[in-house]
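Secondary and tertiary structure notes
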Amino acid sequence: GLPVTEKQLLPQVMKDGGYNTYLVGKWHLGFSKWAFTPVKRGFDYFYGMYGGFADYLTHESAEPESDTKAFDLHEHRAEDITADGTIEESDERNTDLIAQTYGIHSERLFTDKAVQIIEEHDLKGGHPLFLTVSYMNPHSPLQALEEDLDRVPANL
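What comes next concerns the included structure.

Read across the sheet, 4 strands follow the order β3-β2-β1-β4 without closing on themselves; strand pairing throughout is mixed. Looking at which strands have only one partner, the edges of the open sheet turn out to be β3 (74–77) and β4 (129–134). For this sheet, the mean inter-axis angle between neighbouring strands, taken without regard to orientation, is 10°. Pairing of strand β1 (residues 20–26) with strand β2 (residues 45–49), which is carried by 5 bridges, proceeds in the parallel orientation. The residue of β2 that forms the bridge with G25 is G48. The strands touched by helix α3 (residues 106–120) are β1, β2, β3 and β4; relative to β4, the strand with the most contacts, the crossing angle is about 175°.

Here you go:
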C-alpha cells in the first residue's frame, strides 16, 4: 500500500480544514494493513472496493491471473476504528451488504451512494463536503449491462 510515512493525502488535508470527507468507489492504494485503508487515511466514510479489479455484479475481487476470489465491497466510517487501530467488521454486516448489492452494477451502487451523501449532507453543522467518487469502469473486467449496450448504435 501507499506508505503511511508518505506526506498527507488530500482527504487528510481537507479533514484538517474542517470538511466532512467521503470516498465512494475504488481505493486501490493498499489494504494489507488497516493503516492503509481509506478511513485511516483521512476519509470519514468509505463505500467501495479496496482493490483495483472486481466483478461489477458479484463484487468479488477479480485480480488478473488469480483464481482466488473474495467479496470486495466495504462500508466503513471513521468511528468503526477500534482502540487497537483495527476496523470493526461483522460477518452480519458483510452478509447484509452482499445480499443488498448482489446483481447491482457497481457503477449504479457508487452513483446512488454518492447522490445519497450529497442529499443528506448537512451544512448547518458548518462542515463543507469533500466527496471523491472513483469508478472502476476503466478496468477489466469490462461488464456493461445489456440495457446500456442496447443504446449503442449497431454500426459503431
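Text resumes after the structure shown.
With that settled, consider the pairing of β2. Burial analysis of β2 places 5 of its 5 residues in the buried class, the great majority of the element. Burial along β2 is two-sided: the residues Y45, Y47 and M49 and F46 and G48 are all buried. For β2 and β3, the ladder comprises 4 bridges, and the chain directions are antiparallel. Bridge pairing in β3 links Y45 to R77.

Inspection of every chain in the model, using the stated rule, returns 6 salt bridges. A salt bridge links R108 to E147, with the shortest nitrogen-to-oxygen separation between them at 3.1 Å. You can see R108 sitting in helix α3 and its partner E147 sitting in helix α4 (residues 146–149), a full 39 residues away along the chain. For R108, a relative accessible area of 33% translates into the label partly exposed. Of the charged contacts in the structure, one is a salt bridge between D148 and R108, with a shortest N-O distance of 3.6 Å. Separated by 40 residues along the polypeptide, D148 in helix α4 and R108 in helix α3 bring together distant segments of the chain.

With 15 residues, α3 should reach 21 Å at 1.5 Å per residue; the first-to-last C-alpha distance of 21 Å fits that figure. Listed in full, the buried residues belonging to α3 are S106, L109, F110, K113, A114 and I117. Within α3, the buried residues cover an arc of 125° as seen down the axis, which keeps them to one side. Set apart from the buried face of α3 by more than 90 degrees, the exposed residues are D112 and E119.

What counts as what
Residues numbered from 1 in each chain as written. Predicted model: local features only at pLDDT ≥ 70, side-chain atom pairs only at ≥ 80, totals over all residues. Heavy atoms only, no water. Pairing = 2+ DSSP bridges. Helix = DSSP H or I, 4+ residues; strand = E, 2+ residues; numbered from the N terminus. Axes fitted to C-alpha atoms, helices over the stretch in contact; angles between N-to-C directions. Contact = heavy atoms within 4.5 Å. Buried < 20%, exposed > 50% of the residue type's maximum accessible area, 1.4 Å probe, protein only. Salt bridge = Lys/Arg side-chain N within 4 Å of Asp/Glu carboxyl O. Expected span 1.5 Å × (residues − 1). Arc of directions from axis to C-beta.

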